[in-house]
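Take a look at the letters that make up each chain.
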Amino acid sequence: MGNKKQIYDRGMVVAGLVIFVIITTFPFWYNHGKASPVPEPELTDRAKAARECVEPKSVMRAKHMQLLNVWRNTVVRNGKRVYVNSKGKSFDMSLSNTCLDCHFNKAEFCDQCHNYASVKTYCWDCHIDNPKEIK
Amino acid sequence: MNVNYIFSLLSVIVLFLLAYVGVEAAGFQILFGVIIPYLAIITFIAGFIYRVLNWARSPVPFRIPSTCGQQKSLSWIKPARIDNPSTKMGVVIRMILEVLFFRSLFRNTKCQLKEGDKLSYEWEKWLWLGAIAFHWSFLTVVIRHFRFFIDPVPSCLQLLEKVDGFLQVGLPGVLFSGIVLLAAVIFLFLRRVFIPQVRYVSLASDFFPLFLIIGVAISGILMRHFTKVDVIGVKELTMGLVTFRPKIPSDVGSAFYVHLFFVSVLMAYFPFSKLLHLGGIFMSPTRNLANNSRRIRHINPWNYPVEVHTYEQYEDEFREKMVEVGLPVEKEIAPTISEEKE
């Protein structure tokens, strides 16, 4: 039998493997070992005064989109506008008038997280992103 | 019931329990979130290279013209340039079409006895359709996941996610590729279970990756839409991995560790399984060689010098005897004849 060490078409094989390694290690070299700091959403004074969000913080952190979806559907489909949270407190189900009332610093709050996780919400195509603009 | 797929299903369930119990009860976050993923990616890359180099060491002395078209021959016979390529360019085009569109699978036929004993061949496109849906959606899902591994995320990735979320159902939006992936992989599994001929040739090594990928897809979809995890925490962990500053964020749900463990197992298993057709397709002699056997002499690389006994040598050896019994010879025994006769 032949010499088992010889690699046939060495040039092509090596080139292919180099491409493979470059692609599979892409995240390791693309970031230059740097990652931007983990976002720490800033609370406004109004939010701080309220002390609590609509639901407990851990729930809000992971599930606020689902809450917003429920709000949206309830308002648009059922015409109901009052949300009662797990503690019995009522909220007006509104993106701009409730969420952004406390979190009126959308850029430092919502966007900071969303940019980090590359979330592009299309909500702001229609909804006003700063309630102060409402006349 | 079939041992092969029951065994594979059980292994995947065991894997799930390992990760779930390991994180929930034993608190092995570092093991499942850092150590195993690192080992998995190293195994994946090293194993891949090892296997490909191993293939590259096997000589392919002959062109294997298992082609679907007319070979290039006389100028007035139209050759099939892509299906039976005679040039490198043709091979490259054939390879691209094969890799991106599974061209040879597209020609898949089914052989069946119909109306009693009538043999019939039918174009079988469902396997191709399932395969193409599966592979393309898998690729989309993989590329989409790069949002967890790079920072800042380039806009082309955001565009991909936007296109993938075109259904705009629910929040966070349902991603099309995820659904197609799960549907296609389940189809590919059911095919192996319900078609008797295919079931007959299916082994545990066919079912295991299917179950594993089903596990990956289901855990991912559950995590995004149902159990919910802290995505910011997830990215903290993944960015820690790729910047070599591993870190376990406080409260990422165990669903995430299950998902990550499934993916790690898939990566580590990849190079040593049939999944390596990812690299194998480029190494397959029926796809990567131009059919030019008639124009170019290909010499077997493992040929040792063969000692041949040519006709000339044969005649030299036996000339006298041949002449004696009156056999025709090419070279007469001109000068020596007279000597011998004397």
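About the cut-offs
Residues numbered from 1 in each chain as written. Chains lettered and ligands numbered in written order. Predicted model: local features only at pLDDT ≥ 70, side-chain atom pairs only at ≥ 80, totals over all residues. Heavy atoms only, no water. Contact = heavy atoms within 4.5 Å. Buried area = accessible area lost by both parts, 1.4 Å probe. Salt bridge = Lys/Arg side-chain N within 4 Å of Asp/Glu carboxyl O. Polar contact = N/O pair within 3.5 Å; in protein donor to acceptor, adjacent residues only side chain to side chain. Helix = DSSP H or I, 4+ residues; strand = E, 2+ residues; numbered from the N terminus. Nonpolar A, V, L, I, M, F, W, Y, C, P; charged D, E, K, R; others polar. Patch = residues over 30% accessible without salt bridge, like charges linked within 9 Å, V, L, I, M, F, W, Y side chains within 5 Å. Areas by Shrake-Rupley, 256 points an atom, 1.4 Å probe, with all protein chains shown as cover. Phe/Tyr/Trp six-rings, centres within 6.5 Å; stacked < 30°, edge-to-face > 60°. Buried < 20%, exposed > 50% of the residue type's maximum accessible area, 1.4 Å probe, protein only. Lys NZ or Arg CZ within 6 Å of the ring centre and 35° of its normal. Pairing = 2+ DSSP bridges. Core = buried A, V, L, I, M, F, W, Y, C linked by side-chain atoms within 4.5 Å. Expected span 1.5 Å × (residues − 1). Axes fitted to C-alpha atoms, helices over the stretch in contact; angles between N-to-C directions. Parallel < 35°, antiparallel > 145°, perpendicular 65-115°, else oblique. Left-handed = near helix turned anticlockwise from the far one by under 90°.

Undergrad: Would you mind showing me how to read the interface of chain A and chain B here?
TA: Interface size is commonly expressed as the accessible area that is lost once the parts come together. Taken together, the contacts link 38 residues of chain A with 44 residues of chain B. For the pairing of chain A and chain B, the buried interface totals around 3800 Å² over both sides, and the portion due to carbon and sulfur atoms is 67%. Of all residues in chain A, the largest losses of buried area upon contact with chain B belong to A:Tyr8, A:Phe28 and A:Tyr116, amounting jointly to 16% of the total for that side. Between the two partners, chain A and chain B, sit 1 salt bridge. Between B:Asp230 and A:Arg61 there is a salt bridge, and its shortest N-O distance comes to 2.8 Å. Counting every contact that joins chain A to chain B gives 9 residue pairs in polar contact (both at pLDDT 80 or more). Within the residue set of the side of chain A that touches chain B, elements represented by two or more residues are α1 (10-24), α2 (26-30), α4 (57-78) and α6 (110-116) of chain A. Among the elements that line the side of chain A that touches chain B, the one with the most residues is α4(A), at 8 residues. By residue class, the composition of the side of chain A that touches chain B is 21 nonpolar, 10 polar and 7 charged.

Undergrad: For this particular structure, what's the right way to read a nonpolar patch on the surface?
TA: Taken together, the side chains of B:Ile6, B:Leu9, B:Leu10, B:Ile13, B:Phe16, B:Leu17, B:Tyr20 and B:Val21 make up a nonpolar region of the molecular surface, amounting to roughly 630 Å² of accessible area. Secondary-structure assignment places B:Tyr20 in helix α1 (residues 3-24).

Undergrad: So what exactly am I meant to see when it comes to the packing of aromatic side chains here?
TA: Ring pairs (aromatic) are described by centroid distance and by the angle formed between their planes. As enumerated under the stated definition, the model contains 24 aromatic pairs over all chains in all. Pairing B:Phe256 with B:Tyr257 gives two aromatic rings, centres 5.5 Å apart and planes at 65 degrees, and the pair type is edge-to-face. When sorted by exposure, B:Phe256 lands in the same class as B:Tyr257, which is buried. Ring-pair connections join several aromatic residues into one group, and the members of that group are A:Phe20, B:Phe44, B:Phe48 and B:Phe270. Directly above the aromatic system of B:Trp55 lies the positively charged group of B:Arg51, at a separation of 5.2 Å from the ring centroid. For B:Lys235, the ring lying beneath its charged end belongs to A:Tyr116, and the centroid distance is 5.3 Å.

Undergrad: For this particular structure, what's the right way to read the pairing of strand β2 (residues 118-123) of chain B?
TA: Residue and element names in this part refer to chain B. Bridge analysis of strand β1 (residues 109-114) against β2 gives 6 bridges, and the strand direction is antiparallel. For Thr109, the partnering residue across the bridge sits in β2 and is Trp123. Connecting the antiparallel pair β1 and β2 is a turn made up of 3 residues, with Glu115 showing a positive phi of about 45 degrees.

Undergrad: Mind showing me how you'd approach the nonpolar core here?
TA: The tendency in soluble globular proteins is for nonpolar side chains to be buried as a group. Formed by 57 residues in total, the largest nonpolar core has its most connected members in B:Leu212 and B:Phe256. Tallying contributions element by element places helix α2 (residues 29-56) of chain B first for this core, with 11 residues. The residues contacting B:Phe256, other than those within four sequence positions of it, are B:Met223, B:Val229, B:Val234 and B:Leu237. Among the nonpolar cores identified, the runner-up in size contains 8 residues, and A:Met60, A:Leu67, A:Tyr83 and A:Met93 belong to it.

Undergrad: What is the right way to read helix α9 (residues 204-225) of chain B from this model?
TA: Spacing of three or four residues puts side chains on the same side of an α-helix, whose turn is 3.6 residues. The end-to-end C-alpha separation of α9(B) is 31 Å, in line with the 32 Å expected for 22 residues at 1.5 Å each. Taken across its 22 residues, α9(B) has 16 buried, putting it largely inside the fold.

Undergrad: Mind showing me how you'd approach the packing of helix α5 (residues 126-144) of chain B against helix α7 (residues 176-194) of chain B here?
TA: What describes two packed helices is the angle between their axes and the distance between those same axes. Residues and elements named next belong to chain B. With their axes 8 Å apart at the nearest point, α5 and α7 run at an angle of 140 degrees to one another. Judged on the interaxial angle alone, α7 and α5 are oblique. In terms of crossing hand, the pair formed by α5 and α7 is left-handed. Contacts between α5 and α7 involve Trp126, Leu127, Gly130, Ala131, Ala133, Phe134, Ser137, Phe138, Thr140, Val141 and Arg144 on the former and, on the latter, Ser177, Gly178, Val180, Leu181, Ala184, Val185, Phe187, Leu188 and Arg191. When grouped by side-chain class, the residues that make up the contact of α5 with α7 number 13 nonpolar, 5 polar and 2 charged.

By themselves, these are just geometric observations and shouldn't be taken as functional.
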